[in-house]
Amino acid sequence: MVKKLVMLMIGVLVTACLAGCGADTSKNAGSTKVQVVTSFNAMTEFVKAIGGDKVEVSTIIPDGTEPHDFELKPENMKQLASAKVFVMNGLGMEPWAEKAIEAAKNNQLTTVVASDGVEAIKNEDPEEIEEHGDYDPHTWLSLKNAKVEVKNIKDALVKADPSNKDYYEKNYTDYVAKLDAMIQTYESQFASVPHKNFVTGHAAFAYLCRDFGLAQNSVEDVFAEGEPNAAQLAELVAYCKEHNITTIFAEEMASPDVSKTLADEVGAKVETIYTMESNEDDKTYLERMDDNLRKILASLK
């Protein structure tokens, strides 16, 4: 039902913008940089890493907004109307994207689905599948998936701006080397920890878990919806005790109060973990991933 209402709302916005969005191309007419629009912060981070000073990036979902709850606005279609490249994650993360692209009426726009080529994890809950689609969209929270995503972005920038191909290729090679170094560092460390289970605010870390052979349990579901009832909270308490959980991870936009309640119940501490859905603490993607992995590793020792 909610999904149908979202699609109806997008249709209304599309109708409102069809006349004006396509003509609004003057804003960036004098810029020599490639105009790139991204859906949310992690995509922005990847574009900046590869595009460097050759791109100018604007982000549709503002910081502090839960992407799963985002409501499209007319100005977002105007952003797309004057852009050359649009980068989205895909796998249901941006259900509004198709209608927004249509409304922009921008024949020069190249759309990049950054998760193309990632081995997607299927959702198991029937209600989640009906509401959000078949797959867990949180692909960017995996260093291995990030390598796929930045390649897709690099290829699109090369297509949009072939004169700077060598620049994008070098930035891509350098960035992948950093991702590989972090993967190698943490693979060896996670291999030696005594247990592999941790608890998060919402179930966004399945791809990270797959990278390093870990297992998550969460206060909220994949789409940060619904706080646990008394029975579910009791199950989480039992899980924490069974697996000797000493840290409960919380995200800024996913029930930090419930995470604290759970921590109090089991005598654990609460630590912040990053989802990269918003700009957090002015840290880069690599800095936040390193922070996440360092904290998770410490909680397993």
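Residues numbered from 1 in each chain as written. Predicted model: local features only at pLDDT ≥ 70, side-chain atom pairs only at ≥ 80, totals over all residues. Heavy atoms only, no water.

## A short note on helix α6 (residues 143-160)
Taking 1.5 Å per residue, 18 residues should reach 26 Å; α6 reaches 26 Å between its end C-alpha atoms and fits that length. Among the residues making up α6, those that are buried are Leu-143, Asn-145, Ala-146, Glu-149, Val-150, Asn-152, Ile-153, Lys-154, Ala-156, Leu-157, Val-158 and Ala-160. (Helix = DSSP H or I, 4+ residues; strand = E, 2+ residues; numbered from the N terminus. Expected span 1.5 Å × (residues − 1). Buried < 20%, exposed > 50% of the residue type's maximum accessible area, 1.4 Å probe, protein only.)

## Structural notes on the packing of aromatic side chains
This structure, assessed with the given rule, holds 9 aromatic pairs. Judged by centre distance (6.1 Å) and plane angle (35°), the rings of Tyr-186 and Phe-190 are tilted. With Tyr-186 and Phe-190 both in helix α7 (residues 165-191) and 4 residues apart, the pair spans about one turn of that helix. Judged by relative accessible area, Phe-190 falls into the buried class, the value being 1%. Chaining the aromatic ring pairs together yields one cluster made of Phe-46, Tyr-175 and Tyr-285. A cation over an aromatic ring shows up here: Lys-54 above the ring of Tyr-167, its NZ or CZ 5.2 Å from the ring centre. (Phe/Tyr/Trp six-rings, centres within 6.5 Å; stacked < 30°, edge-to-face > 60°. Lys NZ or Arg CZ within 6 Å of the ring centre and 35° of its normal.)

## Here we look at the pairing of strand β4 (residues 110-113)
The pairing of strand β3 (residues 85-88) with β4 spans 4 bridges and is parallel. Each bridged residue has a counterpart across the sheet, and for Phe-86 the counterpart in β4 is Thr-111. You can see the chain leave β3, run along helix α4 (residues 97-104) and come back into β4, and the turn it takes is right-handed. (Pairing = 2+ DSSP bridges. Right-handed = clockwise from strand over helix to strand, strands pointing away.)

## Examining the sheet that holds strand β1 (residues 34-38)
On the basis of which strands lie adjacent, the open sheet formed by 4 strands has the order β2-β1-β3-β4 and parallel pairing. Single-partner strands in this sheet number two, and they are β2 (55-59) and β4. Strand-to-strand twist of the sheet, defined as the mean angle between neighbouring strand axes without regard to direction, takes the value 25°. With 5 bridges joining them, β1 and β2 adopt parallel strand pairing. The residue of β2 that forms the bridge with Val-36 is Val-57. Most of the contacts of helix α2 (residues 41-51) go to β2, to which it runs at about 175°, and overall it touches β1, β2 and β3. (Axes fitted to C-alpha atoms, helices over the stretch in contact; angles between N-to-C directions. Contact = heavy atoms within 4.5 Å.)

## Looking at unusual backbone geometry
You will see that Asp-281, though not glycine, has its phi angle at about 60°, which is positive. With respect to the helices, strands and loops of the structure, Asp-281 is situated in the loop between β8 (269-272) and α11 (285-300). Judged by its relative accessible area of 56%, Asp-281 falls in the exposed class. In this structure, Asp-282 is a non-glycine residue whose phi angle is positive, near 55°. With respect to the helices and strands, the residue Asp-282 is situated in the loop between β8 and α11. By relative accessible area, Asp-282 is classed as exposed at 68%.

## Thoughts on the pattern of salt bridges
When charged atoms on two side chains of opposite charge get close, those side chains can pair. Tallied over the entire structure, the rule returns 15 salt bridges. For Lys-154, the salt bridge identified is with Glu-169, shortest N-O distance 3.3 Å. With Lys-154 in helix α6 and Glu-169 in helix α7, this residue pair connects regions lying 15 residues apart in the sequence. Note that Lys-295 and Glu-271 form a salt bridge whose closest N and O atoms lie 3.8 Å from each other. Taken together, the residues span a long stretch of sequence, with Lys-295 in helix α11 and Glu-271 in strand β8 at a distance of 24 residues. (Salt bridge = Lys/Arg side-chain N within 4 Å of Asp/Glu carboxyl O.)

## Overview of a negative patch on the surface
A cluster of acidic side chains, namely Asp-63, Glu-252, Asp-281 and Asp-282, defines a negative patch on the protein surface. With respect to the helices and strands, the residue Glu-252 is situated in the loop between β7 (247-250) and α10 (256-266). Since its relative accessible area comes to 59%, Glu-252 is described here as exposed. (Patch = residues over 30% accessible without salt bridge, like charges linked within 9 Å, V, L, I, M, F, W, Y side chains within 5 Å. Areas by Shrake-Rupley, 256 points an atom, 1.4 Å probe, with all protein chains shown as cover. Lys, Arg positive; Asp, Glu negative; His and termini not counted. Charge placed at Lys NZ, Arg CZ, Asp CG, Glu CD.)

## A word on the confidence of the model for the protein
Across the protein, pLDDT averages 86, with 84% of residues at or above 70. Counting contacts from residues 1-10, a segment whose pLDDT is below 50, to residues more than four positions away or on other chains yields 11 contacts. Low pLDDT (under 50) marks residues 12-29, which in the prediction has 30 contacts with non-local residues, meaning those over four places away or in another chain. (pLDDT = per-residue confidence, 0-100.)

## Some points on the environment of Val-199
Along the chain, Val-199 falls in strand β5 (residues 197-202). Along the backbone, Val-199 and Ala-263 are 64 residues apart, and their C-alpha atoms lie at a distance of 9.9 Å. Setting aside anything within four residues of it in sequence, one finds Val-199 in contact with Asn-217, Tyr-239, Cys-240, Ile-245, Thr-247, Ile-248, Phe-249 and Leu-262.

## Here we look at the packing of helix α3 (residues 74-81) against α4
Two elements in contact, α3 and α4, have axes separated by 8 Å at closest approach and are oriented at 65°. Considering how the two elements wind past one another, α3 and α4 form a crossing that is right-handed. Counting all contacts with α3, which are made through Met-77, Leu-80 and Ala-81, the residues of α4 involved are Ala-100, Ile-101, Ala-103 and Ala-104. Here the residues of the contact of α3 with α4 are counted per class, giving 7 nonpolar, no polar and no charged. (Left-handed = near helix turned anticlockwise from the far one by under 90°. Nonpolar A, V, L, I, M, F, W, Y, C, P; charged D, E, K, R; others polar.)

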